[in-house]
Amino acid sequence: GPRRVEVYEKGKAKVIKTAGEQLFARPHLQNAVPVEALYDKAAALDVTLANLLNRKGYASLEAVRDEGEAKGLREAVLAVCELLAISPTDTQLDTLRANPTEQLAVLLAHLRQHRAWPEP
């Protein structure tokens, strides 16, 4: 027959889950586990990666990439400032730390084009 999982919980009736459904094991696992992860290696690896990323505070692999890109842009902004002899104020540095990747790219482009920090 079709692959399925029988779920038993104390004091509850047996539940049958099939492909496309999720298994929950809170508080032991933060994320639901798709039934397919029990027999499909690729699905199991995806779930494992998601749980490992969550354990380190990341929602997804994309979040890790975004953090790395933002860090690189912040370093580039500071390098351009150093080359142009611009000393960012504490407020500008706070802005630099708080800005998302897209705004950092715009800031970097502005510094390169205008050779000055943008006016507030």
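Structure report, in brief. (Residues numbered from 1 in each chain as written. Predicted model: local features only at pLDDT ≥ 70, side-chain atom pairs only at ≥ 80, totals over all residues. Heavy atoms only, no water.)

A look at the environment of L29
1) Next: For L29, the location among the structural elements is in the loop between β3 (22–23) and β4 (33–34).
2) Next: Given a relative accessible area of 33%, L29 falls into the partly exposed group. (Helix = DSSP H or I, 4+ residues; strand = E, 2+ residues; numbered from the N terminus. Buried < 20%, exposed > 50% of the residue type's maximum accessible area, 1.4 Å probe, protein only.)

Points about the packing of helix α2 (residues 61–83) against helix α4 (residues 101–114)
1) Next: Where α2 contacts α4, the axes come no closer than 9 Å and their chain directions differ by 20°. As judged from the angle between their axes, α2 and α4 are roughly parallel. Considering only the axes of α2 and α4, their crossing is left-handed. In this structure, α2 uses D66, E69, A70, L73, R74, A76, V77, V80 and C81 to contact α4, whose residues at the interface are T101, L104, A105, L107, L108, L111 and R112. (Axes fitted to C-alpha atoms, helices over the stretch in contact; angles between N-to-C directions. Parallel < 35°, antiparallel > 145°, perpendicular 65-115°, else oblique. Left-handed = near helix turned anticlockwise from the far one by under 90°. Contact = heavy atoms within 4.5 Å.)

A short note on helix α1 (residues 41–55)
1) Next: For α1, with 15 residues, the first-to-last C-alpha span of 21 Å sits near the 21 Å given by 1.5 Å per residue.
2) Next: Listing the buried residues of α1 in full gives A43, V47, N51, L53 and N54. The buried residues of α1 occupy an angular sector of 165° when projected down its axis, which confines them to one face. Facing away from the buried side of α1, by more than 90 degrees, are the exposed residues K41, L45 and R55.
3) Next: On its buried face, α1 is in contact with β4 and α2.
4) Next: Its side-chain oxygen placed 2.9 Å from the backbone nitrogen of A42, D40 serves as the N-cap of α1. (Expected span 1.5 Å × (residues − 1). Arc of directions from axis to C-beta. Polar contact = N/O pair within 3.5 Å; in protein donor to acceptor, adjacent residues only side chain to side chain.)

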